[in-house]
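Now for the letters of each chain:
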Amino acid sequence: MSTSDQDQGQDQGVDAPIAAAAVDGKRLTPRQARRLRIVLSSVGMAAMAVVLALRIASRSSVLVVGVYGLALILCGVVIELSRNGRTRLGSWLLGLGLVAAVGADWLLIP
């Protein structure tokens, strides 16, 4: 058995409990977690784009474009973080960023 075969055997042993737990519905595999964050970020990005279009139609303001433009950029950053395996950081950033965007809309934009 070569070194690469041993490494593959060890990798499968480490991932097997996580995959088995995902079948039972208890935990997500890392790949499933990444895909879930990407989907959530994409949905958030689409929602922010719709809200931006509605807010610009009702009141054209640089502040509106700034707040929702930053939210769109944030969703894109979270998608990229999720693609690179930083799902926890991406989750926190997405949650806090979207709450901050809605809060800024409520507090700053008349």
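That block above? That's the structure.
Just so you know, these numbers come straight off a predicted model, no measurement behind them.

## A short note on the overall build of the chain
Then step 1. A count of helices and strands for the chain gives 4 helices and 0 strands.
Then step 2. Ordered by position in the sequence, the α and β elements of the chain form the string α-α-α-α.
Then step 3. Buried positions account for 24% of the 110 residues belonging to the chain.
Then step 4. Taking as baseline every contact in the chain between residues at least 6 positions apart, the subset at least 24 positions apart corresponds to 54%.
Then step 5. Summed over its atoms, the accessible surface of the chain is roughly 7,600 Å², and 65% of this surface lies on carbon and sulfur atoms.

## Side note on helix H3 (residues 62-83)
Since the α-helix packs 3.6 residues into each turn, any two residues three or four apart lie on the same face.
Then step 1. Between the first and last C-alpha of H3 there are 31 Å, a value that for 22 residues agrees with the 32 Å anticipated at 1.5 Å per step.
Then step 2. Among the residues of H3, those classed as buried are Val 64, Val 67, Tyr 68, Ala 71, Leu 74, Cys 75, Val 78, Ile 79, Leu 81 and Ser 82. In an axial view of H3, the angular spread of the buried residues amounts to 165°, which keeps them on one side of the axis. Residues of H3 that are exposed and angled more than 90 degrees away from the buried face: Val 62, Leu 70, Ile 73 and Arg 83.
Then step 3. Where H3 is buried, its residues touch helix H2 (30-58) and helix H4 (87-108).
Then step 4. Just beyond H3, the residue with positive phi is Gly 85, at close to 90°.

## What about the nonpolar core?
Then step 1. If you look at the biggest cluster of nonpolar residues, it comprises 9 residues: Met 48, Leu 52, Val 64, Val 67, Tyr 68, Ala 71, Ala 101, Ala 104 and Ile 109.
Then step 2. Taken together, the elements giving at least two residues each to this core come down to H2, H3 and H4.
Then step 3. Residue contacts for Ala 101: discarding those within four places in its chain leaves Val 67 and Ala 71.

## Quick look at a nonpolar patch on the surface
Then step 1. Together, Leu 63, Trp 106, Leu 107 and Leu 108 give the surface a local cluster of nonpolar side chains, amounting to about 510 Å² of exposed area.
Then step 2. As for its placement among the helices and strands, Leu 108 is situated in helix H4.

Cut-offs used in this document
- Residues numbered from 1 in each chain as written.
- Predicted model: local features only at pLDDT ≥ 70, side-chain atom pairs only at ≥ 80, totals over all residues.
- Heavy atoms only, no water.
- Helix = DSSP H or I, 4+ residues; strand = E, 2+ residues; numbered from the N terminus.
- Buried < 20%, exposed > 50% of the residue type's maximum accessible area, 1.4 Å probe, protein only.
- Contact = heavy atoms within 4.5 Å.
- Areas by Shrake-Rupley, 256 points an atom, 1.4 Å probe, with all protein chains shown as cover.
- Expected span 1.5 Å × (residues − 1).
- Arc of directions from axis to C-beta.
- Core = buried A, V, L, I, M, F, W, Y, C linked by side-chain atoms within 4.5 Å.
- Patch = residues over 30% accessible without salt bridge, like charges linked within 9 Å, V, L, I, M, F, W, Y side chains within 5 Å.
- Salt bridge = Lys/Arg side-chain N within 4 Å of Asp/Glu carboxyl O.

Geometry only, nothing functional implied.
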